[in-house]
Amino acid sequence: MTTITQVRTFDGNGEAREAWNGVLFDKFVRYRDALVSGFGPCSTAALERHPLRPGARVLDIGCGFGDTTQQIARLVGDTGEAVGVDLAPRFVETAQREAAAAGVRNARFAVADVQSDPVGGPYDHAFSRFGTMFFASPVVALRNLRRSLRVGSTLCMVVWRKKEENAALFDVERAVLAIVPLPATTEEPTCGPGPFSMASPDVVSEQLLAAGFARATFERFDIQMRVGADLASAVEMMMDIGPAGEVMRLAGVEARRREPEVFAAVQDVLRPHQRADGVSLPASTWIVTATAS
Ligand SMILES: C[S@@+](CC[C@H](N)C(=O)[O-])C[C@H]1O[C@@H](n2cnc3c(N)ncnc32)[C@H](O)[C@@H]1O
């Protein structure tokens, strides 16, 4: 396992806000099509398995560009409401603008740190697609979220399963780390605990119980995620975003110096996943549900 020492002082999710509203927002914009179409099957499956009733008020946590918030707004219909919250103002501005342009009138958006800010309510459901894994203090955040829900309301969140079960992503990261080790210190902001922080059902079920939820369930949901139309674009994306992209970003000058070697190594890892229609990687998630008790 690789660890990195931050030279910043601990300020809750302040550093994550800086990352999500800055460099990570820019990267999400750059790879938006691949990310949103890759993530889409997860939210669609979660919403099919755990349907929202028309008229419900639903919170969408870490809503990003708000495509799931719009999807939820359509599902709950005119008498319901979808409220997307995100730590990063740039995501919220984009989500707001796009929902208005799409004529979705029952979707609203707000900038909020789910760990520390009021998020409104009471809601009948809370939903999240990959938006709950970055809290510095997950139990504090889940407790704050619990306070916004009615007793008996459901939480449904999609999170990544462990790195080793997302082998292709993990292999790419390992290939990069073999060439460009992480620096001992960095001043670059990082995204918080990271995409695999809710991968353990043992840990997450304890967090949910401690936060006032009951009846936690974990359903494994596997996807094939297309990361490029061809090998070169897949390598470029993997070197720029996700676990390997973060290594490259944090390694800074050294990463740039060794870019040709890294490119070749990542290409070797991704080549077996190349098909006629592009490069797709197997990935694995949990659809987690729990009830506010
Ligand atoms: C991996 S992105 C997922 C975005 C979106 N849900 C999707 O599936 O496309 C994680 C999102 O969570 C947001 N986020 C991270 N920490 C947060 C916090 N403490 N409170 C609210 N949102 C947060 C980020 O700004 C980012 O938009």
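Residues numbered from 1 in each chain as written. Predicted model: local features only at pLDDT ≥ 70, side-chain atom pairs only at ≥ 80, totals over all residues.

## Considerations on helix α3 (residues 32-49)
Owing to its 3.6 residues per turn, the α-helix aligns residues three or four sequence positions apart on the same side. Along its 18 residues, α3 runs 25 Å from first to last C-alpha, staying within 8% of the 26 Å computed at 1.5 Å per residue. Along α3, the sharpest change in direction is near 35° and occurs at Gly-40; proline Pro-41 comes one to four residues later. For α3, the complete set of buried residues consists of Leu-35, Phe-39, Cys-42, Ser-43, Ala-46 and Leu-47. Tucked inside the fold, the buried residues of α3 contact α2 (23-30), α4 (67-76), β5 (123-129), β6 (149-160), β8 (213-228) and β10 (278-292). (Helix = DSSP H or I, 4+ residues; strand = E, 2+ residues; numbered from the N terminus. Expected span 1.5 Å × (residues − 1). Bend = angle between axes of the 7 residues up to and from the residue. Buried ≥ 20, exposed ≤ 12 C-beta atoms within 10 Å, placed from the backbone. Contact = placed C-beta atoms within 7 Å.)

## So, the packing of helix α6 (residues 138-147) against helix α8 (residues 201-210)
At a minimum axis distance of 8 Å, the contact between α6 and α8 shows a crossing angle of 45°. By the angle between their directions, the pair α6 and α8 is classed as oblique. In this structure, α6 crosses over α8, and the sense of that crossing is right-handed. Contacts between α6 and α8 involve Pro-138, Val-139 and Leu-142 on the former and, on the latter, Gln-207, Leu-208 and Ala-210. (Axes fitted to C-alpha atoms, helices over the stretch in contact; angles between N-to-C directions. Parallel < 35°, antiparallel > 145°, perpendicular 65-115°, else oblique. Left-handed = near helix turned anticlockwise from the far one by under 90°.)

## Quick look at the site of the ligand
Near the ligand, the surroundings consist of 22 residues, among which Trp-20, Gly-62, Gly-64, Leu-87 and Arg-129 are the closest. Put simply, the parts of the chain that give the shell around the ligand at least two residues each are α1 (14-21) and β3 (81-86). In the shell around the ligand, the residues fall into twelve nonpolar, seven polar and three charged. (Near = placed C-beta within 6 Å. Nonpolar A, V, L, I, M, F, W, Y, C, P; charged D, E, K, R; others polar.)

## Here's the deal with the environment of Asp-86
Relative to the helices and strands, Asp-86 resides in strand β3. Asp-86 sits 60 residues away from Arg-146 along the chain, and the two C-alpha atoms are 17 Å apart. Aside from chain neighbours lying at most four places away, what touches Asp-86 is Gly-62, Cys-63, Gly-64, Phe-91, Val-92 and Val-111.

## Describing the nonpolar core
Counting residues in hydrophobic clusters, the biggest one holds 89 residues, and the most contacted among them are Val-58, Val-159, Val-172, Val-176, Met-238 and Val-266. By residue number, the principal contributor to this core is β10, which donates eight residues. Among residues more than four places away in sequence, those in contact with Val-58 are Leu-52, Ile-72, Val-76, Ala-82, Tyr-123, Asp-124, His-125 and Phe-127. (Core = buried A, V, L, I, M, F, W, Y, C linked by C-beta atoms within 7 Å.)

## Observations regarding the packing of helix α9 (residues 231-238) against helix α12 (residues 259-270)
Across the interface, α9 lies against α12 with an axial gap of 9 Å and an inter-helix angle of 115°. By the angle class used here, α9 and α12 are roughly perpendicular. The interaxial crossing formed by α9 with α12 has right-handed handedness. Here α9 contributes Leu-231, Ala-234, Val-235 and Met-238 to the contact with α12, which in turn contributes Phe-263, Val-266, Gln-267 and Leu-270. Classifying every residue of the contact of α9 with α12 by side-chain character gives seven nonpolar, one polar and no charged.

## So, α12
Its twelve residues place the ends of α12 16 Å apart at the C-alpha level, agreeing with the 16 Å of an ideal helix rising 1.5 Å per residue. Every buried residue of α12 is accounted for by Val-262, Ala-265, Val-266, Val-269 and Leu-270. Taken around the axis of α12, the buried residues stretch over an arc of 135°, which confines them to a single face. Residues Pro-260 and Ala-264 are exposed on α12 and point more than 90 degrees away from its buried face. Buried-residue contacts for α12 involve α7 (167-179), α9, α10 (242-251), β9 (274-275) and β10. (Arc of directions from axis to C-beta.)

## Overview of the pairing of β3
The element β3 is extensively covered by neighbouring structure, given that six of its six residues are classed as buried. Side-chain alternation along β3 places Glu-81, Val-83 and Val-85 on one buried face and Ala-82, Gly-84 and Asp-86 on a second face that is also buried. Examined bridge by bridge, strand β2 (residues 57-61) and β3 share five bridges and lie parallel to one another. Looking across to β3, one finds that Leu-59 is bridged to Val-83. In this fold, the crossover linking β3 to strand β4 (residues 107-111) by way of helix α5 (residues 89-101) has right-handed handedness. (Pairing = 2+ DSSP bridges. Right-handed = clockwise from strand over helix to strand, strands pointing away.)

## Quick notes on the pairing of β10
Taken together, the seven bridges between β6 and β10 define a ladder with antiparallel strand orientation. The partner of Thr-154 across the bridge, within β10, is Thr-291. Pairing analysis gives 13 bridges linking β8 to β10, with the strands arranged antiparallel. Paired with Phe-213 across the bridge in β10 is Ala-292.

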